[in-house]
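# Report on the structure
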Amino acid sequence: MRESVHTNTSLRSKGMMAVIAAQFLSAFGDNALLFATLALLKAEFYPDWSQPILQMVFVGAYIIFAPFVGQVADSFPKGRVMMFANGLKLLGAASICFGFNPFIGYTLVGIGAAAYSPAKYGILGELTTGDKLVKANGLMESSTIAAILLGSVAGGVLADWHVLAALGVCAAVYGGAVVANLFIPKLPVARPGQSWRFKPMTGSFFNACRVLWRNGETRFSLMGTSMFWGAGVTLRFLLVLWVPVALGITDNATPTYLNAMVAIGIVAGAGAAAKLVTLETVARCMPAGILIGVVVLIFSLQYALLPAYALLILIGILGGFFVVPLNALLQERGKQTVGAGNAIAVQNLGENLAMLLMLGLYSLAVKVGVPVVAIGVGFGGLFAAAIAGLWIWQRRR
């Protein structure tokens, strides 16, 4: 059943601008909250290996709710789903502010994020269409990365000043995202009349998984984006431990500045992808994916701040150029088959399984005492080899 939705091809429509504003605030809160909560764990003397566990409970919510959130996104107006999801994030951030267990509070934020993701990407295909969908994804990714840039830095800087103040700002920003969602137009429901019984819902989700994994183009997109985001979240935690080892700096702000360099690069890479890549030429992004791993390997061997900044910007440029076309391909092909919301939910499952696996391996490596530099070198080399293998396999099919 194809989606029946109203489309507006303008990238500057009121609805699109409301989506971008809501996404910016939501992503700002996500990234500021991560670094604020990491600072809280540090202040309360949690062990280093517990830091990736914080992100693992977050992605665990994506995995557990994956069979349901795509149908939710396609069964209700996506703007209202986004508003509800941001409300859950607000509740989770507020609970950490008031002294509840940070892992429980962050799990609530993860549930909100799991519900939010299929709606935020699926709505792009309802507000625009065709080749402009790649440009809309570039706009979304640029907004997201700008939020990562500012949110990460704000979380680290505010946490160095006062951890509770940083957590309070995160809750306030989520409140702003809820308000922004009110300005998204109430679009028609994409796929009405679906069953809400457990067995049909899970059956529909796993059928969507089969449909997307049997299609060469969507399987290619799913595998590429899963490896990218699994690597991305692992790099973020690698930086937290790499900074004191390689640079001798122990504050909360420096890792956020370095993460911000990646964010700046992704904005540039996403913009380049929007201009140079179409749905018919998606394979152009693959060399950039291979080079991400190579540059991560080189970065891990640095012991000075300036080259670290430059290499992280380059990683970001390559990352933006790599992931934006793959996202657009999945949204367009998914909308035509299983529904955009279901397609993004399947993508979220793959991405978060990859994150869970990579974070688990990273946490284990830290716990058993593998040097941080060795982790980075091995991680970069394996990622480059994996993307190269995916590209070769896809070209032979």
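Scroll up a little and you will see the structure.
Keep in mind it's a predicted model, so treat the numbers as computed, not measured. (Residues numbered from 1 in each chain as written. Predicted model: local features only at pLDDT ≥ 70, side-chain atom pairs only at ≥ 80, totals over all residues. Heavy atoms only, no water.)

## What about the overall build of the protein chain?
Across its full length, the protein chain holds 14 helices and zero strands. Along the chain direction, N to C, the helices and strands of the protein chain fall in the order α-α-α-α-α-α-α-α-α-α-α-α-α-α. Radius of gyration (C-alpha) of the protein chain: 20 Å, near the 21 Å computed for a compact globule of 397 residues. Referenced to the eigenvectors of the C-alpha coordinate spread, the extents of the protein chain come out at roughly 55 × 50 × 40 Å. Put simply, the protein chain has 397 residues, and 59% of those count as buried. Partitioning the intrachain contacts of the protein chain with sequence separation of at least 6 by distance along the chain shows that 87% fall at a separation of at least 24. Summed over its atoms, the accessible surface of the protein chain is roughly 15200 Å², and 70% of this surface lies on carbon and sulfur atoms. Here the protein chain carries 26 positive and 14 negative side-chain charges, and the mean point of each set is 8 Å from the other. (Helix = DSSP H or I, 4+ residues; strand = E, 2+ residues; numbered from the N terminus. Rg over C-alpha atoms; globule rule 2.2 N^0.38 Å. Buried < 20%, exposed > 50% of the residue type's maximum accessible area, 1.4 Å probe, protein only. Contact = heavy atoms within 4.5 Å. Areas by Shrake-Rupley, 256 points an atom, 1.4 Å probe, with all protein chains shown as cover. Lys, Arg positive; Asp, Glu negative; His and termini not counted. Charge placed at Lys NZ, Arg CZ, Asp CG, Glu CD.)

## Digging into the packing of aromatic side chains
Counting across every chain of the model gives six aromatic pairs. A ring pair is formed by Phe-228 and Trp-229, whose centres lie 4.7 Å apart and whose planes are at 80 degrees; its orientation type is edge-to-face. Judged by relative accessible area, Trp-229 falls into the partly exposed class, the value being 22%. With a centroid separation of 6.0 Å and an interplanar angle of 50 degrees, the aromatic rings of Phe-228 and Phe-322 are classed as tilted. Taken together, the residues Phe-228 in helix α9 (residues 216-247) and Phe-322 in helix α12 (residues 305-337) connect sequence positions 94 residues apart. For the residue pair Phe-228 and Phe-322, the accessibility class agrees, reading buried in each case. Each member of the aromatic cluster is reached from another via a ring pair, and the members are Phe-228, Trp-229 and Phe-322. (Phe/Tyr/Trp six-rings, centres within 6.5 Å; stacked < 30°, edge-to-face > 60°.)

## A closer look at α12
Its 33 residues give α12 an end-to-end C-alpha distance of 48 Å, which sits within 8% of 48 Å, the value for a rise of 1.5 Å per residue. Looking one or two residues past α12, Gly-339 carries a phi angle of roughly 100 degrees, positive in sign. (Expected span 1.5 Å × (residues − 1).)

## Thoughts on the packing of helix α2 (residues 51-75) against helix α8 (residues 198-214)
Between α2 and α8, the shortest axis-to-axis distance is 9 Å and the interhelical angle comes to 90 degrees. Considering their axes alone, α2 and α8 lie roughly perpendicular with respect to each other. Two secondary-structure elements touch here, α2 through Ala-66, Pro-67, Phe-68 and Gln-71 and α8 through Phe-198, Met-201, Thr-202 and Phe-205. Looking at the contact of α2 with α8 residue by residue, the classes come out as six nonpolar, two polar and no charged. (Axes fitted to C-alpha atoms, helices over the stretch in contact; angles between N-to-C directions. Parallel < 35°, antiparallel > 145°, perpendicular 65-115°, else oblique. Nonpolar A, V, L, I, M, F, W, Y, C, P; charged D, E, K, R; others polar.)

## Describing the pattern of salt bridges
Summed over the entire model, instances satisfying the criterion amount to one salt bridge. For the salt bridge of Asp-30 with Lys-89, the shortest nitrogen-to-oxygen distance reads 3.0 Å. Placement of the pair is Asp-30 in helix α1 (residues 14-43) and Lys-89 in helix α3 (residues 78-97), with a sequence separation of 59 residues. Both residues of the pair, Asp-30 and Lys-89, belong to the buried class. (Salt bridge = Lys/Arg side-chain N within 4 Å of Asp/Glu carboxyl O.)

## Structural notes on a nonpolar patch on the surface
Residues Val-179, Leu-182 and Phe-183 make up a contiguous nonpolar surface patch of roughly 300 Å² in combined accessible area. Along the chain, the position of Val-179 falls in helix α7 (residues 163-181). (Patch = residues over 30% accessible without salt bridge, like charges linked within 9 Å, V, L, I, M, F, W, Y side chains within 5 Å.)

## Digging into helix α14 (residues 372-396)
Taking 1.5 Å of rise per residue, the 25 residues of α14 would be expected to cover 36 Å, and the 37 Å separating its terminal C-alpha atoms lies within 8% of that figure. Among all positions in α14, only Val-372, Val-373, Ile-375, Gly-376, Phe-379, Gly-380, Phe-383, Ala-384, Ile-387, Leu-390 and Gln-394 are buried.

## A few points about the side chain of Asn-31
Among the structural elements, Asn-31 can be located in helix α1. When residues no more than four places from it in sequence are discounted, the contact partners of Asn-31 are Ile-148, Gly-151, Ser-152 and Arg-236.

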